[in-house]
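# Descriptive structure summary
Below are the chains, spelled out letter by letter.
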Amino acid sequence: MKLTLRLERRLTPSRALGFLIPVFSIVLALCFGAVLLAAVGKNPGVVYQKMFSGAFGSRFGLTETVVKAIPLMLSGLGVAVAFRMLLWNIGAEGQLQIGAFAAAGVALAFPQAPAVVIIPAMMLAGFLGGALWASIPAALKAKLQVNEIITSLMLNYVAIYWVEYLVYGPWRNPKGYGFPGTAPFSPAAELPRLGTSRVHLGLLFGLVAALCLYFILRRTKWGYEIRVIGENPTAARYAGISLTRNILMVMALSGGLAGLAGMSEVSGIIHALQRGISPGYGYTAIIVAWLAKLNPWAIVVVSFLFAGLLVGGDQLQISMGLPAAMSNILQGAVLFFILGGEILVRNRISLTWEK
Amino acid sequence: MTPHDEPPRNPIAPTAAIPCATGRDQTVQFLEMKGITKRFPGVLANDHVDFQVRSGEIHALLGENGAGKTTLMRILYGLYQPDEGKIAINGKAVTIRSPREATALGISMVHQHFMLVPPLTVAENVILGLKSTREPWLNLGEAQERIAELGRCYGLRVDPRARVWQLSVGEQQRVEIIKALYRRAELLILDEPTAVLTPQEVQEFFTILRQMARQGQAIIFISHKLHEVTALSDRVTVLRDGQVVGTMLTSATDRQRLAQMMVGREISFQRYKDPVNKGEVALELQGVWAQGDKGLPALKGVSLTVSQGEILGLAGVAGNGQRELAEVIAGLRPATQGKVVVGQKDVTNRSPAEIIAQGMSYVPEERMRVGTIVDFSVAENAILETHGQAPLARGWFLDYQAIGRYAEKLIADFDVKTPSQDTPVRHLSGGNVQKLILARELSRSPRLLVAAQPTRGLDVGATEYIQKRLVEQRSKGTAILLISEDLDEVLALSDRVAVMYEGQVVGVMPTSEASVEELGLLMAGVKKQLPA
C-alpha cells in the first residue's frame, strides 16, 4: 500500500479558491517568514506585531503606507492591463523611471510656469515617457515576435542607469554638495498634499485610473478586444481583431500608467529627480497585480497591503535591527505561494491508497 | 483494498507465445456494469446504467453527445469513479481506479487521437512504457516477433520496423490496436474509430474487427454513424440522457428505429434539395500554396471556384490540407503562392478583418478553441466580429442593451438552448455552441460561408438542424464551401463535390455524377481525375 497524490482536472475552475488562494498565500508566506525569523533568533509574533503597528498603528505609519501605495497602485494597474492581454510587461520599473525623468525634465525646463500649467504638463510628459518606453518592447513584439518579457525587463536597467547618468552628470544640482540629484523643482511643480501629511494628489490619480480601467475593460469596444485577446488569441485573430494594434495600444497604456507613477513620485514626494527614486515599485507592482487577480479594484486594496509591508519592513530595520530585505523575502514568498496555488484553481488533489 | 481476491494479472508481456485462438468461452459475460450512476454538478451523466459485453462480441454504444457514452467509458477505463453501481470482470467484482488498473484487467482503449510517437518504430511504440524482459536492455527483437504474430492472427498487417511517421492513418490505427493486444487486452474500447478513414479503409478495418471478435475479443464500438453500427455490431446499446434506452441484437433493429431511440423522436433521412440557382463567383482560388504547421507545404496549388447559391463539398481524409485551406481563405494562414479572390476582390494575405468585410463568414473546425471564447457569455460571443458596429457599439462604448436584444434574436432564430444569454459558452452542449456560431456567422448575410466540419461530434438532432440551415442559406444565395470528412454529409448537401488529397484538389464533379466508390479512390490518392 502506498499513498498516492494525484491531480484531477476540475470541470470548471473553482471560484471560491480563486479568492481563497491569495488569502492563503499571504498566510503561508507569513508562516514561511516566521521560520526564517525564528532561525535568526527573533520571535515572529513580536516582529509581525511590530510590522503591523508600524504600518497601520500610527498616523505617521498610516500616511506613509498611503504614500507608498500610490506608485504601487498606478504601476500595478499598468501591469494588470497588459497581463489581461497576456502581454508580460515586466518593465514597469523602467517605465516609472522614464516617466519620472520626463516629468522632471518639464519641471526643470519651465521653472516659472504656474501650477495649472506645469502640473498637467508633467502628468502628460510622465505618461508619454512611460508609454514610449513601453512601446519599444511592444513594437518588437508586434512586428518581429520578440519576447516582451526579456526586452521589457532589460530596458529597466537602461532606464535606471539613464536616470543615474543624468543625476550624477549633466542634470546634477551644482548647489547640491555633490549629492546625486537635480535642483529642486519650483513650488508650482509640486503636487498638492493632504494637510501636513506626505499624502499627495497622486492618490487621486490612482483611484481615477482604477475607475477608468474598470470602465475601459467592461464597457468599451477596446476593452472587449483586450479581454477577447487575453482569453483566446486564436479566436481574436479569427474575429478580425488586430493583435498588432492592440499590443501597441495596451503596452502604451500600461507603460503610461507606470510613467504616471514616476511623475507622482518626483512631483509629490521628492520634488526633484534623484538616484533611487523607486525601491522597486515596478517589480512589487507585478506581485500586486497578480495577487489582485488583475482586478482594478482589488489592485487598489492590495496596493495598500503591500505598501504596509514595505513601511512595516522599514520599521523593523529601525526598531529591531532586522534587514529591510525581510519584507522583500515576504513579498517573494507571497508570489511564490500564489503561483503554486494557481494549479488548485483548475485541478483538485485526490489522495488514494494504492497497492 | 480491492474486493477481487486474485491479484491483477501483470499487463507486462511475459515471454510465452500467443496462440491465435484465445480459447475464450464466447458465451461468457466478460464485462458487467450494473447500476452505474455518476453525477457532475448539475448533471446526471449516468443514471443507473446497466451494460454487459460478452467475449467475442462487437457491442456498439450509441447515443447523442452528452448522452453519457464518454462518461461510462471513462468509468470503465478508470478515469472516473462511479458514485453508485458495480463493475464485474469475468464475474468478479472489481474497482478500477486508473487506466493502469484497467489495462491490468484486460481493458484497453483506442482513442480518437492516436497516442503514438512518430519518430519511433512500430515496435518501439508498442513496448513504450512496458517493462522489458531483459532489463535494462530493450526486448525489441522479441517484440517484433510478437507484433508480426499478432498481425498474422488478426490481419493487422504492419511492419514492426517501420517508423510511425511513415505510416498512413489507417496503419497507425492498427498500431494502436496492436498496442492493446500486446498488453493482452480482452476488451477493446474504440472511440469513433472510423472518423479518420476512407470508405475503403473502413471496410478493411471492419474485416479486422470481425476477425478479432471471432477469436474471442470483446469490442465496444462507439459511433454516431448509424450505418456503421448496423453493418458491424452484434448488439447495440442506446443511451439517452444518461439512461439506457435499450440493448438489442443489431439484426433485430434498423437505422430508423435506432435513430428514434437515440433522439427520442422521429428523424427524417429526407434530403432537402432544390435545383441550384448559381449566381456570381464568390470565391476563387488560383494555384494556392501554403505551409502547414510543421513548415512543410500543406497546400500545393489548389484551384477552386464557389458560386453564390451553391454548396461545394470538399471531401477528403483528415489532414490532407482541408484545415489549412480554410485558414488561408479566412486570412489566418499566409499563402506562399497563388491568389485568393472573394467577391471580385483579391484578398490574398489580407487581414481577417478585410476578408470579413468582403462578406466572408467562417465556421471553424474547432468551435471551442477558435470559434468561441468559452468563458465569455453567449451574448459576448454573439458579437465577436461585429462588436465595433452600430447598433452594438456607440462611439467607443458597447451598448449592452442592444447587444442583449441582438443575442436574444440569434438565440431565438437558431433555437440555441441556453439557460440565459449570460451563461458562459463553456456550459453549452456542442450542438448549441455550433448553432450559436452559425447564427453569428449567418447574421452578417455573408456572400461566402466557409463551414469546416460543421456537424462533427454533434448529435443527430443538431446535425440535422445545422445541415438544414446550411441548405437554406445556399438557397438564399450564399456561396458555401463545405469542408467535411463525413462523406455522407458531403453527398447529401453539396451541389458539387471536390476531393482533396495531399494538398491538392484531385477531382471536382457534380454530386449527381459522384459515387462513393469513386470518391473513395480519389480520397485514397489511388486515382486522380484528369482536369476537364
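See above for the structure.
Cut-offs and rules
Residues numbered from 1 in each chain as written. Chains lettered and ligands numbered in written order. Predicted model: local features only at pLDDT ≥ 70, side-chain atom pairs only at ≥ 80, totals over all residues. Heavy atoms only, no water. Helix = DSSP H or I, 4+ residues; strand = E, 2+ residues; numbered from the N terminus. Rg over C-alpha atoms; globule rule 2.2 N^0.38 Å. Contact = heavy atoms within 4.5 Å. Areas by Shrake-Rupley, 256 points an atom, 1.4 Å probe, with all protein chains shown as cover. Lys, Arg positive; Asp, Glu negative; His and termini not counted. Charge placed at Lys NZ, Arg CZ, Asp CG, Glu CD. Buried area = accessible area lost by both parts, 1.4 Å probe. Salt bridge = Lys/Arg side-chain N within 4 Å of Asp/Glu carboxyl O. Polar contact = N/O pair within 3.5 Å; in protein donor to acceptor, adjacent residues only side chain to side chain. Buried < 20%, exposed > 50% of the residue type's maximum accessible area, 1.4 Å probe, protein only. Pairing = 2+ DSSP bridges. Axes fitted to C-alpha atoms, helices over the stretch in contact; angles between N-to-C directions. Patch = residues over 30% accessible without salt bridge, like charges linked within 9 Å, V, L, I, M, F, W, Y side chains within 5 Å. Phe/Tyr/Trp six-rings, centres within 6.5 Å; stacked < 30°, edge-to-face > 60°. Lys NZ or Arg CZ within 6 Å of the ring centre and 35° of its normal. 1 Å grid on protein atoms, 1.4 Å probe; cavity = no way out; pocket = protein on both sides within 12 Å on 5 of 7 lines; lining within 4 Å. Points joined across faces, edges and corners; volume = space filled by probe spheres on them. Nonpolar A, V, L, I, M, F, W, Y, C, P; charged D, E, K, R; others polar. Left-handed = near helix turned anticlockwise from the far one by under 90°.

The next subject is the overall build of chain A. Broken down by element type, chain A carries 13 helices and two strands. The C-alpha radius of gyration computed for chain A amounts to 22 Å, which stays within 12% of the reference 20 Å derived for 355 residues, consistent with globular compactness. For the C-alpha atoms alone, the extent of chain A along its principal axes is close to 80 × 60 × 35 Å. Within chain A, residue pairs in contact and separated by at least 24 positions form 78% of the contacts whose partners lie at least 6 positions apart. Accessible surface, chain A: about 15,900 Å² in total, of which carbon and sulfur atoms supply 69%. Averaged over its 27 positive side-chain charges, chain A has a centre that lies 5 Å from the centre of its 12 negative ones.

Taken together, the contacts link 38 residues of chain B with 24 residues of chain A. Roughly 2,700 Å² is buried in total at the junction of chain B and chain A, and carbon and sulfur atoms are behind 58% of that figure. Our enumeration of links across chain B and chain A arrives at one salt bridge. Here Arg-227 of chain A and Glu-380 of chain B are joined by a salt bridge, their closest N and O atoms 3.0 Å apart. For the pair chain B and chain A, the number of links is 13 residue pairs in polar contact (both at pLDDT 80 or more). Put simply, the parts of the chain that give the side of chain B that touches chain A at least two residues each are α10 (352-357), α11 (367-371), β18 (397-398) and α14 (430-442) of chain B. In terms of residue count, α11 of chain B provides more of the side of chain B that touches chain A than any other element does, four residues in total.

Looking now at the side chain of Lys-38 of chain B. Residues and elements named next belong to chain B. You can see Lys-38 is positioned in strand β1 (residues 29-40). Among buried charged residues, Lys-38 stands out as having no salt bridge; its nearest opposite-charge side chain is Asp-83, 4.1 Å away. Lys-38 has contacts with Val-43, Leu-44, Ala-45, Asn-46, Thr-71, Ile-75, Tyr-80, Gln-81, Pro-82 and Asp-83, leaving out every residue within four places of it along the chain.

Residue and element names in this part refer to chain B. With respect to topology, four strands assemble into an open sheet ordered β2-β1-β4-β5, the strand pairing being antiparallel. Edge positions in the sheet fall to β2 (43-54) and β5 (92-94), since each has one partner strand and no second. When the angles between neighbouring strand axes are averaged without regard to direction, this sheet yields 25°. Pairing geometry for β1 and β2, over eight bridges, is antiparallel. When the sheet's bridge partners are listed, Ile-36 is paired in β2 with Val-49.

Below, the discussion takes up a nonpolar patch on the surface. All names here are of chain A. A surface patch of nonpolar side chains, amounting to about 570 Å² of accessible area, comprises Leu-3, Leu-5, Leu-7, Ile-343, Ile-349 and Leu-351. For the nonpolar patch, the secondary structure elements donating two or more residues are β1 (2-9) and β2 (347-354). No other element matches the three residues that β1 contributes to the nonpolar patch. With respect to the helices, strands and loops of the structure, Ile-343 is situated in helix α13 (residues 325-346). Relative accessible area serves as the criterion here: at 40%, Ile-343 is assigned to the partly exposed category.

The next subject is unusual backbone geometry. The omega torsion of the bond from Ala-390 of chain B to Pro-391 of chain B falls at 0°, within 30 degrees of zero and hence cis. Its place among the elements puts Pro-391 of chain B in the loop between α12 (378-382) and β17 (393-394). Phi at His-271 of chain A is positive, roughly 60°, even though this residue is not glycine. Relative to the helices and strands, His-271 of chain A is located in the loop between α10 (243-270) and α11 (281-291). Located in the positive-phi region is Asp-241 of chain B, a residue other than glycine, with phi close to 50°. Mapping Asp-241 of chain B onto the fold places it in the loop between β9 (235-240) and β10 (243-249). Note on Asp-241 of chain B: relative accessible area 59%, which makes it exposed.

Residues and elements named next belong to chain B. Scanning all chains against the criterion turns up 14 aromatic pairs over all chains. Of note, Lys-435 hangs over the ring of Tyr-465, and the distance from its end group to the ring centre comes to 4.8 Å. A cation over a ring is seen here: Arg-469 above Phe-414, with NZ or CZ 3.8 Å from the ring centre.

This brings us to empty space enclosed by the protein. Residue and element names in this part refer to chain B. One pass over the structure, following the stated rule, counts three cavities of 30 Å³ or more. By volume, the largest cavity amounts to about 70 Å³. Counting only elements with at least two residues in the lining of the largest cavity, the list comes to α5 (169-182) and α6 (199-214). Per-element tally for the lining of the largest cavity: the top contributor is α6, with four residues. Tallied by class, residues from the lining of the largest cavity come to three nonpolar, two polar and three charged.

Okay, the layout of surface pockets next. Residues and elements named next belong to chain A. Here the second largest pocket defines a volume of roughly 1,900 Å³. What lines the second largest pocket is a set of 41 residues, among which Arg-15, Arg-84, Glu-231, Lys-293 and Arg-346 lie closest to the centre. Elements supplying a minimum of two residues to the lining of the second largest pocket: α1 (15-39), α3 (59-84), α7 (202-219), α8 (221-231), α11, α12 (296-320) and α13. In terms of residues, the lining of the second largest pocket owes the most to one element, α1, which gives six residues. Tallied by class, residues from the lining of the second largest pocket come to 22 nonpolar, seven polar and 12 charged.

All names here are of chain B. Scanning the model with the defined rule gives 34 salt bridges over all chains in all. Here Arg-350 makes a salt bridge to Glu-354, at a shortest N to O gap of 3.0 Å. Glu-365 is paired through a salt bridge with Arg-456; the nearest N and O atoms lie 3.5 Å apart. Taken together, the positions of Glu-365 in the loop between β16 (360-363) and α11 and Arg-456 in the loop between β19 (448-452) and α15 (460-475) put the pair 91 residues apart, joining distant regions of the chain. Given a relative accessible area of 38%, Arg-456 falls into the partly exposed group. Through salt bridges with shared partners, one network takes in Asp-293, Arg-323, Glu-324, Glu-327 and Arg-333.

The subject of this paragraph is the packing of helix α2 (residues 44-56) of chain A against α12 of chain A. Geometry of a packed helix pair, given as the angle between the helix axes and the separation of the axes. Residues and elements named next belong to chain A. Interhelical geometry of α2 versus α12 gives an angle of 115° and a closest axis separation of 7 Å. For the element pair α2 and α12, the recorded crossing hand is right-handed. Mapping the contact onto sequence places Val-46, Val-47, Lys-50, Met-51, Gly-54, Ala-55 and Phe-56 in α2 and Phe-304, Gly-308, Leu-309, Val-311, Gly-312, Gly-313, Gln-315, Leu-316, Ser-319 and Met-320 in α12. Of the residues belonging to the contact of α2 with α12, the class tally is 10 nonpolar, six polar and one charged.

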